[in-house]
Amino acid sequence: MSVPPVISSPLSDSARAVAGSALQATLVDLLDLALTAKQAHWNLYGPRFRSLHVQLDEVATTARNFSDTVAERAVALGVAPDGRAATIAATSALPSVPQGWLEDRAVVNALVDTFATVIRRRRERIGATGEADAVTEDLLIGLIAELEKQSWMFQVENRA
């Protein structure tokens, strides 16, 4: 049974569907990114432990903060966001980190791969989202700018 939106949307139904889909996929990826960063944070070892430990907390905080912004944008458009663990597990396309202890170089490589996936998926949605809702497009652009900055910081970690 379909429930009508509780919040009326300023967008047409088709534009809301496009923006809502992009926002939901972004929410899932951001929540998974936060979990990935915390998993690596807890299991990290190696000579760069301290600096990476702190950097991974920054990633988790950024992902959680943006996930809240993304979910609230969806709600403002009359789209109910779904951040349940089962939804994340079923729909995230991010690579997962292995279970157990993680050597610092492996963590950096995993985060570089994860950022590349998140950024690619957001960039794929910018064009269609811009046509549907410029505000959502702007949110995604700001998110990409921050993700690309953090990606750069991990990429240079293994260049020494």
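Refer to the structure above for everything that follows.
Residue positions are given per chain, counting from 1 as you read along its sequence in written order. Local features in a predicted model are, by the rule used here, given only for residues with pLDDT of at least 70; side-chain atom pairs are given and counted only at 80 or more, and totals for whole chains, interfaces and linings are based on all residues. Only hydrogens and water are removed before side-chain values are computed, so all heavy atoms of the structure are retained for them.

**Q** Got a sec to walk through the overall build of the protein? Specific residues and values, please.
**A** Helix numbers and strand numbers start at the N terminus; a helix is a DSSP run of H or I with at least 4 residues, a strand a run of E with at least 2. Of regular secondary structure, the protein possesses five helices and two strands. Order of helices (α) and strands (β) in the protein, N terminus to C terminus: α-β-α-α-β-α-α. Put simply, the radius of gyration uses C-alpha atoms, and a globule should come to 2.2 Å times the residue count raised to 0.38. Relative to the globule expectation of 15 Å for 160 residues, the C-alpha radius of gyration of the protein, 17 Å, shows essentially globular dimensions. With the principal axes as the frame, the protein shows a C-alpha extent of 55 × 30 × 20 Å. A total of 160 residues make up the protein; the buried ones form 47% of that total. Here the open area of atoms and residues is found with the Shrake-Rupley method and a 1.4 Å probe, where only the protein chains shown may cover a residue. Of the roughly 8,400 Å² of accessible surface on the protein, a fraction of 57% belongs to carbon and sulfur atoms. None of His or the chain ends enter the tally, which takes Lys and Arg as positive and Asp and Glu as negative. Charged groups are reduced to one reference atom each: NZ for lysine, CZ for arginine, CG for aspartic acid, CD for glutamic acid. Each charge sign in the protein was given a centre, from 15 positive and 19 negative side chains, and these centres are 3 Å apart. Exposed residues in this analysis have more than 50% of their type's maximum accessible area, buried residues have under 20%, and partly exposed residues fall in between, with area computed by a 1.4 Å probe over protein chains only.

**Q** Give me the lowdown on the packing of aromatic side chains, citing residues and values where you can.
**A** Here the aromatic set is Phe, Tyr and Trp, taking the six-membered ring for Trp, and pairing holds for ring centres within 6.5 Å; pairs whose planes are under 30 degrees apart are stacked, those over 60 apart are edge-to-face, and all others are tilted. Tallied over the entire structure, the rule returns one aromatic pair. With a centroid separation of 5.8 Å and an interplanar angle of 40 degrees, the aromatic rings of Phe115 and Phe154 are classed as tilted. Of this pair, Phe115 sits in helix α4 (residues 104-132) while Phe154 sits in helix α5 (residues 134-155), and the two are 39 residues apart along the sequence. The exposure class of Phe154 is buried, given its relative accessible area of 0%.

**Q** For the packing of helix α1 (residues 13-43) against α4, give the residues involved together with the corresponding values.
**A** Relative to each other, α1 and α4 sit at 170 degrees, their axes nearing to 10 Å. Taken together, α1 and α4 sit at an angle that is classed as roughly antiparallel. Facing α1, whose interface residues are Ala15, Val18, Ser21, Ala22, Ala25, Thr26, Asp29, Leu33, Thr36 and Ala40, α4 presents Val107, Leu111, Thr114, Phe115, Val118, Arg121, Arg122, Arg125, Ala128, Thr129 and Ala132. Side-chain classes are defined by residue name, with Ala, Val, Leu, Ile, Met, Phe, Trp, Tyr, Cys and Pro counting as nonpolar, Asp, Glu, Lys and Arg as charged, and the others, Gly among them, as polar. Taken together, the residues of the contact of α1 with α4 sort by class into 12 nonpolar, five polar and four charged. The angle between two axes is taken between their N-to-C directions and runs from 0 to 180 degrees, where each axis is a line fitted to C-alpha atoms and a helix contributes only its stretch in contact. Put simply, angles under 35 degrees are roughly parallel, angles over 145 are roughly antiparallel, angles from 65 to 115 are roughly perpendicular, and the rest are oblique. What makes two residues a contact is simply this: any of their non-hydrogen atoms within 4.5 Å.

**Q** Help me get a handle on the environment of His41, residues and values and all.
**A** You can see His41 is positioned in helix α1. With 106 residues separating them in the primary sequence, His41 and Leu147 have C-alpha atoms 18 Å apart. Beyond its immediate sequence surroundings of up to four residues, His41 is in contact with His53, Leu56 and Asp57.

**Q** Describe α4, naming the residues involved and giving the relevant values.
**A** Residue count minus one, scaled by 1.5 Å, sets the expected span of a helix. The end-to-end C-alpha distance of α4 is 42 Å, a good match for the 42 Å that 29 residues give at a rise of 1.5 Å each. For a residue, the bend is simply the angle between two axes, fitted respectively to the seven-residue segment ending there and the seven-residue segment starting there. In the structure, α4 departs most strongly from a straight axis at Ile126, where the bend amounts to approximately 40 degrees.

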